[in-house]
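# Chains, contacts and geometry: an overview
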Amino acid sequence: HAQETLCSLAFADRASRAVLGAESAQEVQRGQALAAVREGHVVLRSMIRELLPKFTVGAPSRQRLPDWLAAEILSYMPEHG
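Criteria and cut-off values
Residues numbered from 1 in each chain as written. Predicted model: local features only at pLDDT ≥ 70, side-chain atom pairs only at ≥ 80, totals over all residues. Heavy atoms only, no water. Helix = DSSP H or I, 4+ residues; strand = E, 2+ residues; numbered from the N terminus. Buried < 20%, exposed > 50% of the residue type's maximum accessible area, 1.4 Å probe, protein only. Areas by Shrake-Rupley, 256 points an atom, 1.4 Å probe, with all protein chains shown as cover. Patch = residues over 30% accessible without salt bridge, like charges linked within 9 Å, V, L, I, M, F, W, Y side chains within 5 Å. Salt bridge = Lys/Arg side-chain N within 4 Å of Asp/Glu carboxyl O.

## Side note on the overall build of the protein
Scanning the protein from terminus to terminus reveals two helices and zero strands. The buried share of the protein, taken over its 81 residues, is 2%. Accessible surface computed for the protein: about 7,500 Å², of which carbon and sulfur atoms make up 62%.

## Examining a nonpolar patch on the surface
Where nonpolar side chains cluster on the molecular surface, the patch consists of Val 43, Leu 44 and Met 47 and spans about 280 Å² of accessible area. Looking at the secondary structure, you find Met 47 in helix α1 (residues 2-51).

Note that every value here comes from positions in space, so none of it alone points to a role or purpose.
If you want it as structure tokens, here you go:
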């Protein structure tokens, strides 16, 4: 019985390590995906800031957004408030 118990414990140990390893790998992938999304968000914000006209309070603006960008922003607004 002692040998069977030892084998069972060894099997349980290997199984739990396999599960923990899989969860750890998923966490690494999740972290990498989240980092990529954050990086993309920073790039998009930077691009939009460059494209948006610069406003000075009280000064008339002669610059407008490119039509494609204005349409994209307007289409986004109803969905996200």
